[in-house]
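# Observations on the three-dimensional arrangement
Listed below, chain by chain, are the residues.
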Amino acid sequence: MSQRVLTTESGAPVADNQNSATAGVGGPLLLQDQHLLEKLARFNRERIPERVVHARGSGAYGYFEVTDDVTGFTKAAFLSEVGKRTETFIRFSTVADSLGGADAVRDPRGFALKFYTEEGNYDLVGNNTPVFFIKDPIKFPDFIHSQKRDPFTGKQEPDNVWDFWAHSPESTHQITWLFGDRGIPASYRHMHGFGSHTYQWTNEAGEAFFVKYHFKTNQGIRSLSAEQAAELVGKDANSHQTDLLQAIERGVNPSWTLYVQVMPAAEAADYRFNPFDLTKVWPHADYPLQRVGRLVLDRNPDNVFAEVEQAAFSPNNFVPGIGPSPDKMLQGRLFAYADAHRYRLGVNHTLLPVNAPKATTAQNYGRDGFMATRNGSRHDKNYEPNSYQGPAQTDAALSAPLAIHGWTGTHEAPAHVKDDDFFQAGELYRLMSEDEKSRLVANIAGSLSQVSREDVIEKNVAHFAAADPEYGRRVAEAVAALRD
């Protein structure tokens, strides 16, 4: 095979890629050396702003295969028949640390999945926990600021972390998950994934159902203790990336089985707690898991930057048969995620190969902007409606309408019979074995004991006690022992 010719960005051949042009031998560089300037300028711009959250991540391609009939609940085409396969891309991530952070840390994990369906891309953006720390998006920037590096010290501060949680009792359930045995997954392959939010499915008859997604790992749950994680970080800070990459390269393709919980829409209003509260789970006794299919990862990206860093997931990317619920956190993310991508990657980020539809073609009137590659021909109009056979609306809603009533304004979430911030955290604690409880308490105390203000410690201990008196007492005793 003949040697390919090195060129500039404009395609011109490069004569010398080893020596810069100078004013004579040993002289100063020349401004006219277009190749040098282009290389340096491009190098300066190789990095885009990292994600504010979920910066550190890994990704892989695969497929989703339907194994069970769910057409009674949704008209989504990619779920329409048993045996049907849809190409997917997934991005796993940590939440709080920066792009250079370690993998094996105590932190929730992002579980973002893109389905390249024939009706457009469907993005399911979740975590490895079924709940979250807060229930209203107006608190999200403050929550993340409390978990990220302090503006003065430049590092994560226990004072900030626990002070926010002290003022956010709804965090107690997620804190119990985070500091429990599953708080540090051994790898991305050995953890569950959850949609976390409540979503809406609509069938062909127009009937609406609310659903929660559960991806159960077929590799089994494996987690690390704090001591094991610290040792692993010292050996390989990229441990999760290494594991995922090498497993797929060896042909050991990780997989998950997807289950859903299904609630008829009419039951939501009278359920004993708010079913759209992201800090709570639906008990399986009320809404048992129903199997849908399996997710298999079988191909690594060829370029991490192009396909993992530039991957953009937006919860507002729905397809017919799937839509949002009144979950306030989800409603906030419908705007925030797409807006973050427009800032990081530009308004045309959806044209990048990893983000573009694969089983269909996007057709709309979006034009221009940075990196525009799809502006149409002289015959294509950039407005609608038009008389030139341009893309037109279908008049078919993607999902069922949601009933709205009441006065505009800021409102607390509607109260249900068991809407409190501590009940489910207590249930989770009581499900644990004695050894699991001991490790949970030790993990919490190890972090909480570093807080400088006694009132912040007392507020957090009170939250654990409200969940379960024994829980609060044991945390208080463990913190006191570490502070003596």
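Conventions adopted
- Residues numbered from 1 in each chain as written.
- Predicted model: local features only at pLDDT ≥ 70, side-chain atom pairs only at ≥ 80, totals over all residues.
- Heavy atoms only, no water.
- Helix = DSSP H or I, 4+ residues; strand = E, 2+ residues; numbered from the N terminus.
- Rg over C-alpha atoms; globule rule 2.2 N^0.38 Å.
- Buried < 20%, exposed > 50% of the residue type's maximum accessible area, 1.4 Å probe, protein only.
- Contact = heavy atoms within 4.5 Å.
- Areas by Shrake-Rupley, 256 points an atom, 1.4 Å probe, with all protein chains shown as cover.
- Lys, Arg positive; Asp, Glu negative; His and termini not counted.
- Charge placed at Lys NZ, Arg CZ, Asp CG, Glu CD.
- Phe/Tyr/Trp six-rings, centres within 6.5 Å; stacked < 30°, edge-to-face > 60°.
- Lys NZ or Arg CZ within 6 Å of the ring centre and 35° of its normal.
- Core = buried A, V, L, I, M, F, W, Y, C linked by side-chain atoms within 4.5 Å.
- Polar contact = N/O pair within 3.5 Å; in protein donor to acceptor, adjacent residues only side chain to side chain.
- Salt bridge = Lys/Arg side-chain N within 4 Å of Asp/Glu carboxyl O.
- Axes fitted to C-alpha atoms, helices over the stretch in contact; angles between N-to-C directions.
- Parallel < 35°, antiparallel > 145°, perpendicular 65-115°, else oblique.
- Left-handed = near helix turned anticlockwise from the far one by under 90°.
- Nonpolar A, V, L, I, M, F, W, Y, C, P; charged D, E, K, R; others polar.
- Pairing = 2+ DSSP bridges.

Below, the discussion takes up the overall build of the chain. In terms of helices and strands, the chain carries twelve helices and ten strands. At 25 Å, the chain has a C-alpha radius of gyration in line with the 23 Å of a compact globule built from 484 residues. Here the chain, with 484 residues, has 46% of them falling under the buried criterion. Intrachain contacts of the chain at a sequence separation of at least 6 include 74% that bridge at least 24 residues. Working note: accessible area of the chain is about 24700 Å², and carbon and sulfur atoms make up 53% of it. If you average the places of the 49 positive and of the 61 negative side-chain charges in the chain, the two averages end up 3 Å apart.

Where the residue is not glycine, phi is negative for most of them; where a peptide bond is considered, it is trans in most cases. Residue Pro-385 follows Glu-384 across a cis peptide bond; omega there is 5 degrees. Inspection of the secondary structure assignment puts Pro-385 in the loop between α8 (328-344) and α9 (423-431). The backbone of Ser-196 shows a phi angle near 65 degrees, a positive value even though the residue is not glycine. We classify Ser-196 as buried; its relative accessible area is 6%.

A complete count under the given rule lists 33 aromatic pairs for this structure. On the numbers, 6.3 Å between centres and 15 degrees between planes, the contact of Phe-89 with Phe-313 is stacked. Pair noted here: Phe-89 is in strand β2 (residues 85-94) and Phe-313 is in the loop between α7 (304-309) and β10 (322-324), with a separation of 224 residues, a long-range link. Ring pairs connect the aromatic residues Phe-132, Phe-133, Phe-140, Phe-143, Trp-162, Phe-164, Trp-165, Phe-179, Tyr-429, Phe-464 and Tyr-471, which therefore count as one cluster. It is Arg-85 that lies over the ring of Tyr-63; its NZ or CZ is 4.0 Å from the centre. The ring of Tyr-388 carries the charged tip of Lys-381 above its face, separated from the ring centre by 4.5 Å.

A few words now on the nonpolar core. Formed by 38 residues in total, the largest nonpolar core has its most connected members in Trp-162, Trp-165, Ile-444, Leu-448 and Val-475. Secondary-structure elements contributing two or more residues to this core are α2 (140-147), α3 (158-166), α4 (172-178), α9, α10 (434-448), α11 (454-467) and α12 (469-483). Not counting residues up to four positions away in its chain, the partners in contact with Trp-165 are Phe-133, Phe-143, Gln-147, Ser-171, Ile-175, Leu-178, Phe-179, Asn-460 and His-463. Core analysis: the next-biggest nonpolar cluster, separate from the first, contains 36 residues, Leu-124, Val-211, Val-319 and Leu-334 among them.

Attention shifts here to the side chain of Asn-460. Relative to the elements of secondary structure, Asn-460 occurs in helix α11. Within polar-contact distance, the side chain of Asn-460 engages the backbone oxygen of Val-456 at 2.9 Å. Dropping the residues within four chain positions of it, Asn-460 is found in contact with Trp-162, Trp-165, Ala-166 and Leu-448.

Turning next to the pattern of salt bridges. When their charged atoms lie close together, side chains carrying opposite charge are able to pair. Tallying each qualifying case throughout the model produces 29 salt bridges. Residue Arg-439 is joined to Asp-181 by a salt bridge in which the shortest nitrogen-to-oxygen separation is 2.6 Å. Highlighted residues: Arg-439 in helix α10 and Asp-181 in the loop between α4 and β5 (193-194), separated in sequence by 258 residues. As a salt-bridge pair, Lys-437 and Glu-470 come within 3.7 Å of each other at their nearest N and O atoms. With Lys-437 in helix α10 and Glu-470 in helix α12, this pair connects stretches of sequence that are 33 residues apart. Taking relative accessible area as the criterion, Lys-437 reaches 12% and is therefore assigned buried.

Counting through the fold element by element, Arg-51 comes out in the loop between α1 (34-44) and β1 (57-66). The class for Arg-51 is buried, based on a relative accessible area of 9%. Among the polar contacts listed, one links the side chain of Arg-51 to the backbone oxygen of Glu-309, at a separation of 3.3 Å. When near neighbours in sequence (up to four residues on either side) are disregarded, Arg-51 contacts Arg-91, Val-308, Glu-309, Ala-311 and Arg-344.

Where α3 meets α11, the axes come as close as 9 Å, and the angle between the chain directions of the two elements is 50 degrees. By the criterion of interaxial angle, the relationship of α3 to α11 is oblique. Between α3 and α11 lies a crossing of left-handed hand. Residues Trp-162, Asp-163, Trp-165 and Ala-166 of α3 lie in contact with α11, whose contacting residues are Val-456, Lys-459, Asn-460, His-463 and Phe-464. Across the contact of α3 with α11, the residue classes break down as five nonpolar, two polar and two charged.

Turning our attention to the pairing of strand β6 (residues 199-202). By the alternation rule, side chains of β6 split into Tyr-199 and Trp-201 and Gln-200 and Thr-202, which are all buried. By the bridge criterion, four bridges tie β6 to strand β7 (residues 208-217) in an arrangement that is antiparallel. Residue pairing across strands places Thr-202 opposite Ala-208, the latter belonging to β7. Following β6, the chain reverses through five residues before pairing antiparallel with β7; Gly-206 in that reversal takes a positive phi of roughly 85 degrees. By the bridge criterion, three bridges tie β6 to β10 in an arrangement that is antiparallel. Bridging across to β10, Gln-200 finds its partner in Gly-323.

Our next topic: the environment of Thr-117. Within the secondary structure layout, Thr-117 lies in strand β3 (residues 109-117). Placed 284 residues apart in sequence, Thr-117 and Pro-401 show a C-alpha to C-alpha distance of 23 Å. Excluding anything up to four places from it in sequence, Thr-117 contacts Phe-78, Thr-86, Tyr-122, Val-319, Ala-359 and Thr-360. There is a polar contact of 3.0 Å between the side chain of Thr-117 and the backbone nitrogen of Glu-119.

Another aspect to go through is the pairing of β1. Looking along a regular strand, one sees side chains alternate from face to face of the sheet. Burial analysis of β1 places ten of its ten residues in the buried class, which makes it a mostly covered element. Neither face of β1 is exposed, since Gly-57, Gly-59, Tyr-61, Tyr-63 and Glu-65 on one face and Ser-58, Ala-60, Gly-62, Phe-64 and Val-66 on the opposite face are all buried. Pairing geometry for β1 and β2, over nine bridges, is antiparallel. Across the sheet, the residue bridging to Tyr-63 is Glu-87, located in β2. When β1 meets strand β9 (residues 290-299), the two strands line up antiparallel, connected through six bridges. The residue bridging Tyr-63 from the neighbouring strand is Val-296, located in β9.

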